Amino acid sequence: MVSEFSVSILAAGSTTLLLALSSLVLATVIGLAAAFAKLSENRFLRRTAAVYTFVIRGIPDLVWMLLIFYSLPSLLNQTAGTLGWDVRFEFPPIGAAIGTLGLIFGAYMTETFRMALLNIPKGQVEAALAYGLPKSAIFLRIILPQLTRLALPGFTNNWLVLAKATALASLIGLHDVMFRAKGAAEATSKPFTFFLVAAAFYLTLTVCSMIVLTIVAKRTSMGVKELAP
Amino acid sequence: MNWNIIVENIPLYFTGMKLTLFLAFTSLALSFIIAVPLSFLRNSARSGVRYAVSAYTLLFRGTPLLVQLFLIYFGLAQFGLIRHSFMWPWLSSPLVCVLLAFVLNTAAYTTEIFAGALRSIPVGELEAARAYGLPKSKQAIRILVPAMLTRALPLYGNEMIMMLHATSLASTVTLLETTGVARRITLDNYIQFEPYVTAAGIYLTITFVIITSFQIVQRRFAGYLEPRSI
């Protein structure tokens with residue numbers, strides 16, 4: 001019985017992974033855009049990005065999940081009702097979860113990318129400008145390689161937090177690892193065992209990500225000298 | 001819109017907010033006390049010590065807080081030995097379980113933040129301390145800990161806010177903190193918009209206060225680390 005339930009829990013790993021990876025892609029895109037917006041000379045862009053990161057980072061993940069899954073459809077339905085439209089909004093848990101996590105971690109990525117951009121020595125971009133490189137070449141050949149290296153620790157961190165935050169989606173009814181573990185815990189008298197199975201899944205995911213990202217970090221920081229204390 | 005229901009429940013939100021703040025700051029204070037020594041052990045020259053601390057931080061940073069909370073709150077009841085021990089009155093209380101989970105979790109993150117800050121202190125500062133003949137304890141207390149804390153400030157500020165937000169998970173084990181209050185009002189009144197928006201507003205306000213005070217602290221104590229503008 002324990003093994004059957006465990007298999008069913010681990011099988012839901014694909015849902016968790018799908019949610020985590022889709023949210024990561026969304027978050028990276030949003031994060032890059034908002035980081036450049038934050039450093040841009042346009043005041044409107046700067047303000048919008050600042051409000052976005054502030055509001056997102058000011059509210060807990062769980063509350064965002066509840067806001068987007070319950071409150072947003074409720075608001076849309078009320079608005080539609082007053083306008084006399086005959087529509088009913090309801091989001092599937094997976095969609096609401098991807099949107100929520102993408103939005104939330106987009107804000108964290110923004111800070112990661114912004115700090116990385118700030119840490120690229122100014123002289124390098126100035127030198128590139130002096131050589132008359134076009135903007136696209138400055139981004140691709142000067143900024144991006146260093147951005148990858150400088151943002152990687154933060155990026156890794158965000159990904160690890162994101163992968164674990166997917167567990168929250170079980171609370172809005174997504175059938176992920178956590179949801180199945182809770183089901184198994186309630187159906188049997190072995191809650192510790194099944195939550196431990198879920199914990200092992202997340203731990204494996206974390207450790208595998210850390211190994212991969214350490215290899216990437218080694219490759220990207222070749223030729224960077226570090227002092228050992 | 002049913003904002004009058006929210007207005008009627010302001011006292012309930014207020015008690016929820018108090019519980020949120022209590023959970024966050026108690027967990028942070030207890031975990032700080034654990035994390036400072038652990039961060040030194042994390043960088044210890046003895047590999048056994050280093051690995052033990054790493055194993056702890058890996059276990060708690062590598063699994064979701066929700067799983068840890070459920071393991072402690074629902075999971076421990078599986079063992080008769082614990083259920084019949086003198087600890088059970090405490091371990092069956094949601095408040096104790098939540099605090100236990102939060103402290104263990106945030107101490108792991110804080111340890112890594114502080115340990116990372118320790119490693120980023122320029123070798124020169126430590127070499128200078130050694131050259132002046134400071135004993136090891138003085139090196140730690142007067143050079144390493146202050147330099148570590150100032151360098152850790154931005155990340156530690158983040159961790160404080162993470163902790164504040166993590167308290168919302170306490171609502172999943174029946175505690176009526178801010179999110180729990182919002183949930184209760186949703187269920188009692190069949191409205192889904194106003195209660196959560198109010199809760200979000202409360203969290204946003206607390207976060208704003210924390211961030212602002214942190215910026216002041218950072219300017220005061222870590223201003224010398226700021227990059228020079230050209």
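Residues numbered from 1 in each chain as written. Chains lettered and ligands numbered in written order. Predicted model: local features only at pLDDT ≥ 70, side-chain atom pairs only at ≥ 80, totals over all residues.

Defined as follows: UniProt positions are given in the numbering used here, feature names are shortened, and annotations may be inferred rather than shown by experiment.
Per an unreviewed UniProt entry, the recorded name for chain B is ABC transporter permease subunit, and the organism is Shinella curvata. You can read under Sequence similarities (unreviewed entry) in the UniProt record for chain B the words "Belongs to the binding-protein-dependent transport system permease family. HisMQ subfamily."

## Description of the interface of chain B and chain A
The following threshold applies: With C-beta atoms placed from the backbone, a contact is any residue pair whose C-beta atoms sit within 7 Å. For helices the rule is a DSSP run of H or I covering at least 4 residues; for strands it is a run of E covering at least 2, with both sets numbered from the N terminus onward. Under the scheme applied here, ten amino acids are nonpolar (Ala, Val, Leu, Ile, Met, Phe, Trp, Tyr, Cys and Pro), four are charged (Asp, Glu, Lys and Arg), and all others, including Gly, are polar.
Facing 33 residues of chain B, the contacting portion of chain A comprises 36 residues. Of all the secondary-structure elements, those providing two or more residues to the side of chain B that touches chain A are helix H4 (65–73), helix H8 (123–131), helix H9 (136–166) and helix H11 (194–222) of chain B. Counting residues per element, the side of chain B that touches chain A draws most heavily on H11 of chain B, at 8 residues. Tallied by class, the residues present in the side of chain B that touches chain A amount to 22 nonpolar, 10 polar and 1 charged.

## Describing helix H4 (residues 61–83) of chain A
Residues lying three or four places apart along an α-helix face the same way, a consequence of the helix completing one turn every 3.6 residues. For the record, the criterion: Helix span, as expected, comes to 1.5 Å for every residue beyond the first. Across the chain, bend at a residue is computed as the angle between axes fitted to the seven residues ending at that point and the seven starting from it. Counting other C-beta atoms within 10 Å of a residue's own tells you its class, since 20 or more makes it buried, 12 or fewer makes it exposed, and anything in between is partly exposed; those C-beta atoms are placed from the backbone.
Along its 23 residues, H4 of chain A runs 31 Å from first to last C-alpha, staying within 8% of the 33 Å computed at 1.5 Å per residue. Where H4 of chain A bends most, at Leu67 of chain A, the angle is about 35°. All buried positions along H4 of chain A are accounted for by Asp61, Leu62, Val63, Trp64, Met65, Leu66, Leu67, Ile68, Phe69, Tyr70 and Ser71 of chain A. Buried residues in H4 of chain A make contact with helix H5 (93–118) and helix H7 (135–165) of chain A together with H9, helix H10 (178–189) and H11 of chain B.

## Brief notes about the nonpolar core
Selection rule: Remark: nonpolar core denotes a set of buried Ala, Val, Leu, Ile, Met, Phe, Trp, Tyr and Cys residues whose joining runs through C-beta atoms within 7 Å.
Core analysis: the largest hydrophobic core is formed by 111 residues, its most contacted members being Val63, Met65, Ala181 and Ala198 of chain A together with Val67 and Leu69 of chain B. Broken down by element, the residue count for this core peaks at 13 residues, all from helix H7 (residues 94–120) of chain B. Leaving out residues up to four positions away in the same chain, Leu69 of chain B has contacts with Cys97, Val98, Ala101, Leu169 and Val173 of chain B.

## A look at the UniProt feature "domain: ABC transmembrane type-1" (unreviewed entry) in chain B
In the UniProt entry, the feature "domain: ABC transmembrane type-1" (unreviewed entry) is given for residues 17–215 of chain B. For residues 17–215 of chain B, the end-to-end C-alpha separation is 23 Å, with 80% helix and 0% strand making up the annotated structure.

## Digging into the packing of helix H2 (residues 13–38) of chain A against H5 of chain A
All names here are of chain A. Inclusion rule: Only C-alpha atoms enter the line fits that serve as axes; for helices the fit covers just the stretch in contact. Angles between N-to-C directions range over 0 to 180 degrees. If an angle is under 35 degrees, it is roughly parallel; if it is over 145, roughly antiparallel; if it lies from 65 to 115, roughly perpendicular; otherwise it is oblique. Note: crossing handedness is left-handed where the near helix turns anticlockwise from the far helix by less than a right angle, and right-handed where it turns clockwise.
At a closest axis distance of 6 Å, the pairing of H2 and H5 adopts a crossing angle of 40°. Between H2 and H5, the interaxial angle falls into the category oblique. Between H2 and H5 the crossing geometry is right-handed. Tallied by class, residues from the contact of H2 with H5 come to 15 nonpolar, 8 polar and 2 charged.

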